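Below are the chains, spelled out letter by letter.
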Amino acid sequence: MCGNNMSVPLLAEAVTVSGKEKETAVVIFLHGLGDAGHGWAASLTEIQLPHVKFICPHAPPIPVTLNMKSMMPAWFDLMGLSPDCPEDECGIKKAADSIKAIIEHEVKNGIPPHRIMLGGFSQGGALSLYTALTCQHQLAGVVALSCWLPLHRSFPMASSGHKNIPILHCHGEMDAMIPVQFGIMTAEKLKGIVNPQMITFKTYPGLSHSSCPQEMATVKDFIEKYLPRI
């Protein structure tokens, strides 16, 4: 069962970008609402380190309240995009469990938790933050792009207590979908959950709800720092 992807549903369909040499680290990166893993796999390939494997799973299609119950790939349901909106607590926790299953699969296959990093964009970034902060293992870090912390009122109580997890949190200053102020509030909330010195919060002038080459260069530096070749 150890090497069988079919035992982890999200892994069976995930886009995997293998390292060019012996893989000693893994980055699991989660796409945003309505997207798929392919686009981010392509972007991450451009900044890939030879010893790092990237796993970009696809969210399952579910009806999304925010989009008039239309079926689309989503990690959990969204009722709105403001800090006070009701949240899909059950869906968020279920999605986090599915990502933790990928982490456990990688651990069984020989990659220790401290060599596994989570990342994501928008809803995927939100899920990566929630999963890392509630994971029993202390992971290598989190790359959180243009996102927020789901179920923020449940923290710090919901945290697994790992205070020294590095977090790279980036946000476009012209983001109309998830305003940068939401990102700033999230960064402040994170300082009460983990060691504030472990949080790097960067904003990008002129950047909307997307990524940019400067941001991806920062992501590459972060991965190099916390997942060095061994």
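This text goes with the structure placed above it.
Note that the structure is a prediction, hence the values are computed from the model and not measured.

A.B. asks: Before we move on, could you go through the packing of aromatic side chains and cite the residues and values that matter?
C.D. replies: Tallied over the entire structure, the rule returns 5 aromatic pairs. Geometrically, the ring pair formed by W40 and F121 is tilted, given 5.4 Å between the ring centres and 35° between the ring planes. With W40 in helix α2 (residues 37–45) and F121 in strand β6 (residues 116–121), this residue pair connects regions lying 81 residues apart in the sequence. For the residue pair W40 and F121, the accessibility class agrees, reading buried in each case. Geometrically, the ring pair formed by W148 and F182 is stacked, given 6.3 Å between the ring centres and 20° between the ring planes. Residue W148 is found in the loop between β7 (141–145) and β8 (167–172), and its partner F182 is found in helix α5 (residues 180–191); the two are separated by 34 residues along the sequence. Here W148 matches F182 in class, with each residue buried.

A.B. asks: Describe the environment of C147, naming the residues involved and giving the relevant values.
C.D. replies: As for its position among the elements, C147 is in the loop between β7 and β8. Accessibility expressed as a relative area gives 0% for C147, which makes it buried. Every residue in contact with C147, bar those within four places of it in the chain, is listed here: S122, G125, A126, L129, H169, H171, G183 and T186.

A.B. asks: If you had to explain unusual backbone geometry to someone new, which residues and values would you point to?
C.D. replies: Across the junction of F155 and P156, the peptide omega takes the value 5°, indicating a cis bond. By the element assignment, P156 lies in the loop between β7 and β8. We note that K69 has phi near 65°; this positive angle belongs to a residue other than glycine. With respect to the helices and strands, K69 occurs in the loop between β4 (61–64) and β5 (70–73). Here L151, not a glycine, exhibits a phi torsion of approximately 50°, which is positive. Locating L151 in the fold gives a position in the loop between β7 and β8.

The rules behind these values
Residues numbered from 1 in each chain as written. Predicted model: local features only at pLDDT ≥ 70, side-chain atom pairs only at ≥ 80, totals over all residues. Heavy atoms only, no water. Phe/Tyr/Trp six-rings, centres within 6.5 Å; stacked < 30°, edge-to-face > 60°. Helix = DSSP H or I, 4+ residues; strand = E, 2+ residues; numbered from the N terminus. Buried < 20%, exposed > 50% of the residue type's maximum accessible area, 1.4 Å probe, protein only. Contact = heavy atoms within 4.5 Å.

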